[in-house]
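# Observations on the three-dimensional arrangement
What follows is the residue order along each chain.
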Amino acid sequence: MNTTKLLLVDDEKAFLETITKRLEKREFKVLTAYGGNEALDELNNNKNIDVVILDVKMPVMDGIETLIEIKARFPLVEVIMLTGHATVETAIDGMKLGAFDYLMKPCEMDLLIAKVNKAVEKKSLHEEKIMEARIKEITNRRA
Amino acid sequence: MEASCTDRKSFYQVLTRKIRFLIFLVSFSPMVLTTGILFYRFNLSYTEKIQAHISELVQKHTQNIDYFLSEKLKNIRYLSRHLNTTSKTPKDFLKDNLNLLKNEYGDAFTDLGLINQDGIQFAYEGPFNLENADYANAEWFRKSMERPYYISDVFAGLRGRPHFIIAVKVRAKGADCILRSTINFGAFNSLVGNIHIGKTGVAFIINAKGQLQTKTDVSFKKTSILQMVDRQYYQKSKTVFAQKQEDLGHEYLYVTSMLKNIDWVMVFRQDMADAFNELRKTQLISSIIFFIGCIAIVSVVFALPRKIIGLISNADKKNEAMNKQVVESGKLATIGELAAGIAHEINNPVAIMVEEAGWIGDLLEEEDLKEAENLEEFNRALAQINTQGRRCKEITHKLLSFARKTDSTLNDVQVNDAIREIVSFSAQIAKYNNVIIETSLDESVPYIRVSPSELQQVILNLINNAIDAMEKKGGVIRIETWMSREEKKYLMISIEDNGPGIPKDNLDRIFDPFFTTKSVGKGTGLGLSICYGIIQKMGGKIEVHSQVDAGTKFHIGLPFNEDNIEINSIDKDKLTKKIGEKI
């Protein structure tokens, strides 16, 4: 049983629906958002989201802005950028800002899943370290 | 294109004509006017001057002759008064007086004679034996009898020598008689003969009948002079000018003046060519100058517009080439933007389609559908959708990379090294296609500051094109580098293949976006326009020369800075030194 919780953010409804179905079939828990603001709300409401798959090109609030906001408010959440265009620059910019990786649309499902898994791995490693640190802190306090 | 070419040609022709006409008008008309006016004025004043000079000369001599004649006449009349009162015999009287006159006037008087009413010369003193000569029938005698005095024309008379006579009627001893004297012809002649102007200017005297009264060498037509003898001419002006044509087309200037005492006309004749010799010379010189001027103007009229038009058409050609380039790059930019827009818009639907296909694929995995008889067909169709989706993606990504405006980081690149690297990339695929890649690289080429990945993209693209063009038949690709120093300093790269070449019709369009000769699905037609865009951005140039069945040659020129070379060479020196130390 896969316990990974994903948040898909894209303004293309049809794309979102299909990819949700496909991911759910692979036993991911998937939440969706149609824009940057909505995504932030979702993250606020569901604290256990592991990975956000974020489209770069969106109206109102674009992927880069959303990414900055996510990283500021939920630093532990991993973000995979999904670019519609081949501007590697944008993807590089995103990675500089803390995104885990990037993918080009349309993407292979296997590739996407592999990247998601890696992101989750990184996240849990990260969380483990935090946990360890906390334990150390507590034990130190006791001592 | 051709229409505009002929348009321009006719425009140039019109322009040439206009310039020619203008130059002709502006330079020719003032010259003609000035020359004409000066010529006319000079002619006029010079002619006036010559005429005045001759006229004065002729008048002076006419006066001299008049004076001479009237003096001689007075002498004889004086003598005739004394005839009545003298006591001497006529013979002695004549003898004494002739001696007196000769003493006074030298040879002017040849002889003296007295003639009675019947024309018999009863007394004579002189060198001839003319006593008792009968002059009754002589014309001069009859005329002398009719008036108080008379001066005859020149005639031979009884003595058989040209002479003329001054006769005065005297009333002596109750009967009319005539005292006459013969004037020495030679002395008289010298008065006129002294007039000489130029080579042909001579003077002579003629009587009313046009007969010569003086000795002269010249021959002339009587008829041409006769009309000048009319006394009416001379009422106001003292001299008369006339131009007469005589034998062999010779034109003569005649200046005539009437004597007062007698119906004789002083005639001065000179050849026109001689009289106006100086004028003719000036005319000749000015004509030559005028002629040379005309030639100069005509040559300028023909040469200058040609030169100007040449310059203009050159400038036009350059301008046109520049315009073409501007249009080309503008076209590329517009198409780039359009392509980017389309790529964005198409990418999303394609992504959805691919996802949907993937979803169907997922569903087909389910147990109950695995038994469906068309499962294989479904899978094949889905695979096809995926493949075509990927193709779409490739196209849109290429379009976007063509359109994007990257600020690719610049670096100092040694072109030769870059080429060697690319050649090693391509070696495998070249081998597979039976293509040999040869390089001939000028090791002195400088480092240039460009984006290495872009340069790579361009060269790789050209090599791949060359390999594709030669298909599987194989061939040779030659890559050369050298430095060009004509007009601008360029680092030149040429990539030459011996493939089938590019037909002339396609040659103009190969840099256009989406232009491709490859079969559908094999090429996007963007490769060369991307190359073009990159080279343009680098400030360089890319040209293609191709001949069908012989091959195609691409020239790339990249600008470099002369200063960079020196710095680089210094760096190299340092490097080798360091290496040397290490060793």
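Bear in mind the structure is a predicted one, so any value in this text is a computation, not a measurement.

## Quick look at the overall build of chain B
- Scanning chain B for helices and strands turns up 13 helices and 17 strands.
- Burial analysis of chain B (583 residues in total) assigns 27% to the buried set.
- By sequence separation, contacts in chain B at least 24 residues apart represent 63% of the contacts at least 6 residues apart.

## A short note on the overall build of chain A
- When helices and strands are counted, chain A shows five helices and five strands.
- Traced from its N-terminal end to its C-terminal end, chain A shows the element sequence β-α-β-α-β-α-β-α-β-α.
- Evaluated residue by residue, chain A yields a buried proportion of 38% over its 143 residues.
- In chain A, of all internal contacts separated by at least 6 residues, the share reaching a separation of at least 24 is 58%.

## So, the sheet that holds strand β4 (residues 78-83) of chain A
Residue and element names in this part refer to chain A.
- Ordered by their spatial adjacency, five strands build an open sheet running β2-β1-β3-β4-β5, and the pairing between neighbours is parallel. One side of each edge strand has no neighbouring strand; the edge strands of this open sheet are β2 (29-33) and β5 (101-104). On average, each strand axis in the sheet is inclined to that of its neighbour by 20°, with strand direction left out of account.
- Looking at chain direction, strand β1 (residues 5-9) and strand β3 (residues 51-55) are connected through four bridges and run parallel. Looking at β3, one finds that L6 is bridged to V51.
- Across the sheet, helix α3 (residues 63-73) touches β1, β3 and β4, and the angle it forms with β3 is around 155°.
- Of the strands in this sheet, β1, β3, β4 and β5 are in contact with helix α5 (residues 109-142), which crosses β4 at around 155°.

## Focus on the packing of helix α9 (residues 415-432) of chain B against helix α10 (residues 452-469) of chain B
All names here are of chain B.
- Where α9 meets α10, the axes come as close as 10 Å, and the angle between the chain directions of the two elements is 35°. Like other packed secondary-structure pairs, α9 and α10 cross with a definite hand, here right-handed. Together, A418, I419, I422, F425, S426, I429 and A430 of α9 and P452, L455, Q456, I459, L460, I463 and I467 of α10 make up the contact between the two elements.
- Of the residues contributing to the contact of α9 with α10, the split by class is 12 nonpolar, two polar and no charged.

## A short note on helix α12 (residues 527-537) of chain B
All names here are of chain B.
- The buried count for α12 comes to nine of 11 residues, which makes it a mostly enclosed element.
- Among the residues of α12, those classed as buried are G527, L528, S529, I530, C531, Y532, G533, I534 and I535.
- One or two positions beyond α12, positive phi appears at G539, with a value near 80°.

## Considerations on the sheet that holds strand β4 (residues 164-172) of chain B
All names here are of chain B.
- With antiparallel pairing, the five strands of this open sheet are ordered in space as β2-β1-β5-β4-β3. At either end of the open sheet lies a strand with only one pairing partner, and these are β2 (121-125) and β3 (149-151). Put simply, the sheet's adjacent strands are angled 15° from each other on average, direction ignored.
- Of the pairings in the sheet, the one linking β3 to β4 comprises three bridges and is antiparallel in character. The residue bridging Y149 from the neighbouring strand is V168, located in β4.
- This element, helix α3 (residues 139-146), spans β1 (109-115), β3, β4 and β5 (175-183) of the sheet and lies at about 40° to β4.

## Observations concerning the pairing of strand β16 (residues 541-547) of chain B
Residues and elements named next belong to chain B.
- With seven bridges connecting them, β16 and strand β17 (residues 551-559) associate as antiparallel partners. Paired with I542 across the bridge in β17 is I556.
- The antiparallel hairpin formed by β16 and β17 contains three residues in its connecting segment, where D549 sits at a positive phi of about 70°.

## Description of the packing of helix α2 (residues 36-45) of chain A against α3 of chain A
Residues and elements named next belong to chain A.
- Two elements in contact, α2 and α3, have axes separated by 10 Å at closest approach and are oriented at 20°. With respect to each other, α2 and α3 are oriented roughly parallel. Judged by the twist between their axes, the crossing of α2 over α3 is right-handed. Here G36, A39, L40 and L43 of α2 lie close against α3, whose contacting residues are E65, T66, E69 and I70.
- Partitioned by chemical class, the residues of the contact of α2 with α3 number four nonpolar, two polar and two charged.

## A few points about the environment of S546 of chain B
Residue and element names in this part refer to chain B.
- The residue S546 is located in strand β16 in this model.
- On the basis of neighbour counts, which here come to 21 C-beta atoms within 10 Å, the residue S546 falls in the buried class.
- Among residues more than four places away in sequence, those in contact with S546 are G501, I502, L507, T552 and K553.

## Some details on the pairing of β17 of chain B
- Two strands pair when backbone bridges link them, and strand β15 (residues 490-497) of chain B and β17 of chain B are joined in this way by eight bridges, in the antiparallel orientation. For I495 of chain B, the partnering residue across the bridge sits in β17 of chain B and is F554 of chain B.

## Some words on the confidence of the model for chain B
Residues and elements named next belong to chain B.
- Residue-level pLDDT values for chain B average 80, and 87% of them are 70 or greater.
- Within chain B, the element-level pLDDT minimum falls on helix α13 (residues 562-582), averaging 46, and the maximum on β15, averaging 90.
- pLDDT under 50 marks residues 566-583. Its contacts with residues more than four places away, or in other chains, come to two contacts.
- For this predicted complex, the interface confidence comes out at an ipTM of 0.80, alongside a pTM of 0.46.

## Some points on the nonpolar core
All names here are of chain B.
- Judged by nonpolar contacts, the single largest core of 52 residues is most densely connected at L179, I205, M266 and V267.
- Sort the elements by how many residues they give to this core and helix α1 (residues 2-85) lands first, with eight residues.
- Among the nonpolar cores identified, the runner-up in size contains 44 residues, and L399, I437, V458 and L462 belong to it.

## Details of helix α1 (residues 13-25) of chain A
- The end-to-end C-alpha distance of α1 of chain A is 18 Å, a good match for the 18 Å that 13 residues give at a rise of 1.5 Å each.
- Residues of α1 of chain A that are buried: F15, L16, T18, I19, R22 and L23 of chain A.

## Structural notes on unusual backbone geometry
- A positive phi angle, close to 65°, is found at E27 of chain A, a residue other than glycine.
- Positionally, E27 of chain A belongs in the loop between α1 and β2.
- Judged by C-beta crowding, with 10 C-beta atoms within 10 Å, E27 of chain A ranks as exposed.
- In the Ramachandran plot, N434 of chain B falls in the positive-phi region, its phi being about 60° despite a non-glycine side chain.

## So, the environment of T110 of chain B
All names here are of chain B.
- If you trace the backbone, T110 turns up in strand β1.
- Sequence separation between T110 and G126 is 16 residues; the distance between their C-alpha atoms is 6.5 Å.
- The residues contacting T110, other than those within four sequence positions of it, are G126, P127, H163, T182, I183 and N184.

Rules and cut-offs
Note that residues are indexed from 1 along each chain, following the sequence as it is written. Going through the entries in the order they are written, you letter the chains from A and number the ligands from 1. Thresholds applied to this predicted model are a pLDDT of at least 70 for local features of residues and 80 or more for the giving and counting of side-chain atom pairs; totals over whole chains, interfaces and linings are not thresholded and use all residues. Starting at the N terminus, helices and strands are each numbered in turn, a helix being any DSSP run of H or I of at least four residues and a strand any DSSP run of E of at least two. Here a residue counts as buried when 20 or more other C-beta atoms sit within 10 Å of its C-beta, as exposed when there are 12 or fewer, and as partly exposed otherwise, the C-beta atoms being derived from the backbone. It is the C-beta atoms, placed from the backbone, that decide contacts: two residues are in contact if theirs lie within 7 Å. Two strands qualify as a pair provided DSSP detects at least 2 bridges between them. Where helices are involved, their axes are fitted lines through C-alpha atoms of the stretch in contact, as for all axes, and angles between N-to-C directions lie from 0 to 180°. Two helices cross in a left-handed way if the nearer one is turned anticlockwise from the farther one by less than a right angle. They cross in a right-handed way if the turn is clockwise. Any residue outside Ala, Val, Leu, Ile, Met, Phe, Trp, Tyr, Cys, Pro, Asp, Glu, Lys and Arg is labelled polar, Gly included; the first ten of those are nonpolar and the last four are charged. In what follows, roughly perpendicular refers to angles from 65 to 115 degrees, roughly parallel to angles under 35, roughly antiparallel to angles over 145, and oblique to any angle outside these ranges. One number per residue, pLDDT, summarises how confident the predictor is, and it ranges from 0 to 100. A set of buried Ala, Val, Leu, Ile, Met, Phe, Trp, Tyr and Cys residues, joined through C-beta atoms within 7 Å, is what we mean by a nonpolar core. How far a helix is expected to stretch is found by multiplying one less than its residue total by 1.5 Å.

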